[in-house]
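The residues making up each chain are set out below.
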Amino acid sequence: MSVPKKLILTISVFFMVSCARNRADTVYINGSIWTGVESASRAQAIAVTGEYLVAVGSNENVEHLKDSNTKIVDLQGRFVVPGLMDAHTHFMDGGFQLVRLNFREVDSPEDFVYKIDSAAQKLEPGQWILGGNWDHEKWGGELPHHSWVDNVSKEYPVFVHRVDMHMAFANSKAMQLAGITGDTPDPLGGVIDRDHMNGNPTGILREAEAKELVQRVVTPPTEEERKRVLQKAMDYALMCGITQVHDMCSWEDLLTYRKVEAAGEFRMRIYAAPWWTNWKKQIDYIAEYGTGNRWLQWPALKGMMDGSLGSRTAWMHDPYKDDPNTRGVIVASDTVLFKTMMQEADAAGIRFAIHAIGTRANEWILDQYRAVAKMNGGRERRFKVEHAQHLRNSEIVRFGREGVIPSVQPFHAIDDSRWAYKRVEEDVLGGTYAFKSLLNSNAKVVFGSDWTVAPMSPILGIYAAVTRETIDGSQPGGWHPNEKMTVDEALLAYTASVAYAGFQEDVLGTLEVGKLADFVVLSHDLFKIEPEEIKNTGVLRTVVGGKTRFLSADSGGKKPIWY
Ligand SMILES: [Zn+2]
């Protein structure tokens, strides 16, 4: 049976309008609105009442919803997309990074020392120098050594993270406070780097278990500082066009979020996945308080199988090309405990977001997801694998077949591709950041930033996924160009697919009547500009729950921030 297209359109417009309440608080007209609804044409206008969309259609469709109190916003032909959602952040870490030392631009050991020296000069002796985002690959690969900075930081403990958060650097003062000496054994799951000559620690600590030795002696921030930092992180996200994050957080972060949300001070949405070791507490917590509301939820937990490629701690099937002695590490070192956690948390209905970067780690977690689903029986789970970075074909097809969601970060693809070839063989690179292959396997690919590991801007994420242009320009035409995505696919990975991953597709992800009014106005139509130009697109306005939460003072919008 064939129904004329025009008739379908008329019916659907009638449906949208008939569902609408009889007045709108705000109408947005003259836009070019990509609704995210499959095969829908562009809409021109949006009407909002309270937190919800009451009409999406043409200017005429919203006309009758206007009364004397309705605010009218002329979009002047601008491009509008559903609220962009980041499927993987470290939101509080990112917030703290905004107020601490940022080594993102540091590209030499001299600069590294200078940065610490200048920070020390502004502090009282004994105060911590904290921060992160250093990357030794930017100066040829030599790791920082405490001897670099001890002279300029004798009285100041220094503890600064590598950009991937899998390594941190401590100076002698910090190691002294932490009690780390040549005699300190490596903690299970972590590594203390040592000088070859005498076995003394170099200052480099790998993975959480080793970093924790210093972390636990760092002066903790006050609750007031934490709340302030959360607001800063929200400002930053809204400026990037982000309306919700899936946040890989700590239990403490979740408690801060709850207080701030209860005070009505949430301006965007957080879908929290606290660290897995709290699973028993989380089961009780959910039994007592439920899993949250539209602003803040905590239905999931974050686990971690392995480390990262940069730190050679991603768990691979094969030894590393530039260190044949290792295939990476299993961060979840007590796999019996980890499996128990998965079984119990899943039985209680908790969802999983588990980090797996290496090929072997991905195989392991896919096996465990399958085992848990089998053991605890039938329901829809939408398991997430965070990063799903290096995959063999046998794993790529499983994501689609088994309905597991690869939660990937496109910016990493254009950043790591500068040096990934040093770590792994060409055949592994073929299944690295294999976004298109994952889509082709029928997997629901979702995008995120991993902020503060990478820039938060989803515009940069879309640019990365569409062009795969390595940030140093070393791969003209794109790195493994067969894995490029279309603009349409990239937008879905930041919108509808993220909503799906969080079981929120009834209220988020597309612009349809009855859904929450979360959307972003951009300076350029991403479908109409050259892929190369996507990275220069500005965010003009971010609306969450019907309210404008960010409005650019610049007519070109807020351009993406690269650090
Ligand atoms: Zn992460």
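Residues numbered from 1 in each chain as written. Predicted model: local features only at pLDDT ≥ 70, side-chain atom pairs only at ≥ 80, totals over all residues. Heavy atoms only, no water.

**Considerations on the coordination of the zinc ion**
Next, step 1: Those donors, His88 (NE2), His90 (NE2) and Asp450 (OD), are the protein atoms that reach the zinc ion, and they lie 2.1 to 2.2 Å from it.
Next, step 2: Read in sequence order, the donor residues for the zinc ion give the motif H-x1-H-x359-D. For the pair His88 and His90, a shared accessibility class is recorded, and that class is buried. (Donors = N, O, S within 2.8 Å, 3.2 Å for Na, K, Ca; no water. Buried < 20%, exposed > 50% of the residue type's maximum accessible area, 1.4 Å probe, protein only.)

**Concerning the side chain of Ser32**
Next, step 1: Topologically, Ser32 is positioned in strand E2 (residues 32-33).
Next, step 2: The exposure class of Ser32 is buried, given its relative accessible area of 16%.
Next, step 3: Setting aside chain neighbours within four positions, we find Ser32 in contact with Arg42, Ala43, Gly77, Arg78, Phe79, Val80 and Asp525. (Helix = DSSP H or I, 4+ residues; strand = E, 2+ residues; numbered from the N terminus. Contact = heavy atoms within 4.5 Å.)

**Some words on the packing of aromatic side chains**
Next, step 1: Within the structure shown, the criterion is met by 27 aromatic pairs.
Next, step 2: Look at Phe352 and Tyr369: their rings are 6.2 Å apart centre to centre, the planes differ by 5°, and that puts the pair in the stacked class. Highlighted residues: Phe352 in strand E18 (residues 351-356) and Tyr369 in helix H12 (residues 359-376), separated in sequence by 17 residues. For the pair shown, Phe352 and Tyr369 are each scored as buried.
Next, step 3: Connected via pairs of aromatic rings, a cluster forms that spans Phe103, Phe112, Trp134, Trp139, Trp148 and Phe169.
Next, step 4: If you follow Arg258 out to its NZ or CZ, it ends over the ring of Tyr289, 4.8 Å from the centre. (Phe/Tyr/Trp six-rings, centres within 6.5 Å; stacked < 30°, edge-to-face > 60°. Lys NZ or Arg CZ within 6 Å of the ring centre and 35° of its normal.)

**Some points on the sheet that holds strand E1 (residues 26-29)**
Next, step 1: Judged by pairing direction, the sheet is mixed, and its four strands sit side by side in the order E4-E3-E1-E5 without closing on themselves. Two strands in the sheet have a free side with no partner beyond their single neighbour: strand E4 (52-57) and strand E5 (71-74). For this sheet, the mean angle separating the axes of adjacent strands, direction not counted, is 15°.
Next, step 2: Direction of pairing for strand E3 (residues 45-49) relative to E4: antiparallel, over a ladder of five bridges. Paired with Val48 across the bridge in E4 is Leu53. (Pairing = 2+ DSSP bridges. Axes fitted to C-alpha atoms, helices over the stretch in contact; angles between N-to-C directions.)

**Remarks on the environment of Ile180**
Next, step 1: One can find Ile180 in the loop between helix H6 (172-178) and strand E12 (191-194).
Next, step 2: C-alpha separation for the pair Ile180 and Val214, spaced 34 residues apart in sequence, amounts to 8.4 Å.

**With respect to the environment of Thr326**
Next, step 1: Checked against the element boundaries, Thr326 lands in the loop between strand E17 (300-304) and helix H11 (335-347).
Next, step 2: By relative accessible area, Thr326 is classed as buried at 18%.
Next, step 3: A sequence separation of 212 residues divides Thr326 from Tyr114, and the C-alpha atoms of the two residues are 34 Å apart.
Next, step 4: Sequence-distant contacts of Thr326, defined by excluding residues within four places in its chain, comprise Arg312, Pro319 and Tyr320.

**A short note on the UniProt feature "domain: Amidohydrolase" (unreviewed entry) in the chain**
Next, step 1: Listed under "domain: Amidohydrolase" (unreviewed entry) in the UniProt record, and renumbered for this structure, are residues 71-548.
Next, step 2: Between the C-alpha atoms that bound residues 71-548 there is a distance of 12 Å. The span itself is 35% helix and 19% strand. (UniProt positions renumbered as here; feature names shortened; annotations may be inferred.)

**Quick notes on the sheet that holds strand E19 (residues 384-387)**
Next, step 1: Spatially, five strands are ordered E17-E18-E19-E20-E21 in an open sheet, and the strand pairing comes out parallel. With partners counted over all chains shown, the strands left at the sheet margins are E17 and strand E21 (446-447), one partner each.
Next, step 2: Here strand E20 (residues 405-408) runs beside E21; their pairing, made up of two bridges, is parallel. Bridge assignment links Val408 to a residue of E21, and that residue is Phe447.
Next, step 3: Docked against the sheet, H11 engages E17 and E18, running at close to 155° with respect to E18.

**Some words on the nonpolar core**
Generally speaking, nonpolar side chains in soluble globular proteins are found buried as a group.
Next, step 1: By size, the foremost hydrophobic cluster in this structure holds 105 residues, and its most contacted members are Phe91, Phe338, Ile365 and Phe447.
Next, step 2: Element by element, the count of residues in this core is highest for helix H8 (residues 223-239), at eight residues.
Next, step 3: Ala120, Trp139, Tyr156 and Ile204 belong to the second largest nonpolar core, which has 19 residues in total. (Core = buried A, V, L, I, M, F, W, Y, C linked by side-chain atoms within 4.5 Å.)

**Observations regarding H8**
Next, step 1: For H8, built from 17 residues, the straight-helix expectation of 24 Å at 1.5 Å per residue is met to within 8% by its first-to-last C-alpha distance of 24 Å.
Next, step 2: The complete set of buried residues in H8 reads Arg226, Val229, Leu230, Gln231, Ala233, Met234, Tyr236, Ala237, Leu238 and Met239.
Next, step 3: On the buried face of H8, the contacting elements are helix H3 (91-99), strand E14 (242-249), helix H9 (251-262), strand E15 (269-274), strand E23 (539-544) and strand E24 (547-551).
Next, step 4: Where H8 ends, the next residue or the one after it, Gly241, has phi of about 90°, a positive value. (Expected span 1.5 Å × (residues − 1).)

**A few points about the domain arrangement of the chain**
Next, step 1: When its domains are assigned, the chain resolves into domain 1 (5-77) and domain 2 (96-215).
Next, step 2: Of note, the centres of domain 1 and domain 2, computed from C-alpha atoms alone, are 54 Å apart. (Domains from an automatic or database assignment.)

**Here we look at the packing of H8 against H9**
Next, step 1: Between H8 and H9, whose axes approach to 10 Å, the crossing angle comes to 75°. Between H8 and H9, the angle is such that the two are roughly perpendicular. Of H9, the residues touching H8 (which contributes Glu223, Arg226, Lys227, Leu230 and Gln231) are Glu252, Asp253, Thr256, Tyr257, Lys259 and Val260.
Next, step 2: For the contact of H8 with H9, the class distribution of residues is three nonpolar, two polar and six charged. (Parallel < 35°, antiparallel > 145°, perpendicular 65-115°, else oblique. Nonpolar A, V, L, I, M, F, W, Y, C, P; charged D, E, K, R; others polar.)

**Section: a negative patch on the surface**
Next, step 1: Negative charge collects at one region of the surface, where Glu105, Asp107, Glu110 and Asp111 lie side by side.
Next, step 2: Mapping Asp111 onto the fold places it in helix H4 (residues 109-121). (Patch = residues over 30% accessible without salt bridge, like charges linked within 9 Å, V, L, I, M, F, W, Y side chains within 5 Å. Areas by Shrake-Rupley, 256 points an atom, 1.4 Å probe, with all protein chains shown as cover. Salt bridge = Lys/Arg side-chain N within 4 Å of Asp/Glu carboxyl O. Lys, Arg positive; Asp, Glu negative; His and termini not counted. Charge placed at Lys NZ, Arg CZ, Asp CG, Glu CD.)

**Observations regarding the pairing of E3**
Next, step 1: Across the five residues of E3, five count as buried, placing the element largely inside the fold.
Next, step 2: Inspection of the sheet shows E1 paired to E3 by three bridges, in the antiparallel sense. Residue pairing for E3: Val27 is matched across the bridge by Ala47.
Next, step 3: Counting the residues in the hairpin turn of E3 and E4 gives two residues, including Gly50, whose phi is positive at 60°.

**Brief notes about the confidence of the model for the chain**
Next, step 1: Per-residue pLDDT for the chain has a mean of 94; in total, 96% of the residues score no lower than 70.
Next, step 2: Counted against residues more than four places away or in other chains, residues 1-15, with its pLDDT under 50, gives three contacts. (pLDDT = per-residue confidence, 0-100.)

**Brief notes about the pairing of strand E13 (residues 201-206)**
Next, step 1: Within E13, six of the six residues are buried, which leaves the element mostly enclosed by the surrounding structure.
Next, step 2: With three bridges connecting them, strand E11 (residues 167-170) and E13 associate as antiparallel partners. Of the residues in E13, the one forming a bridge with Ala168 is Leu205.
Next, step 3: Bridge count for E12 against E13 is three bridges, and the pairing is antiparallel. The residue of E13 that forms the bridge with Ile192 is Leu205.
Next, step 4: Count of turn residues in the E12/E13 antiparallel hairpin: six residues, of which Gly199 carries a positive phi of about 75°.

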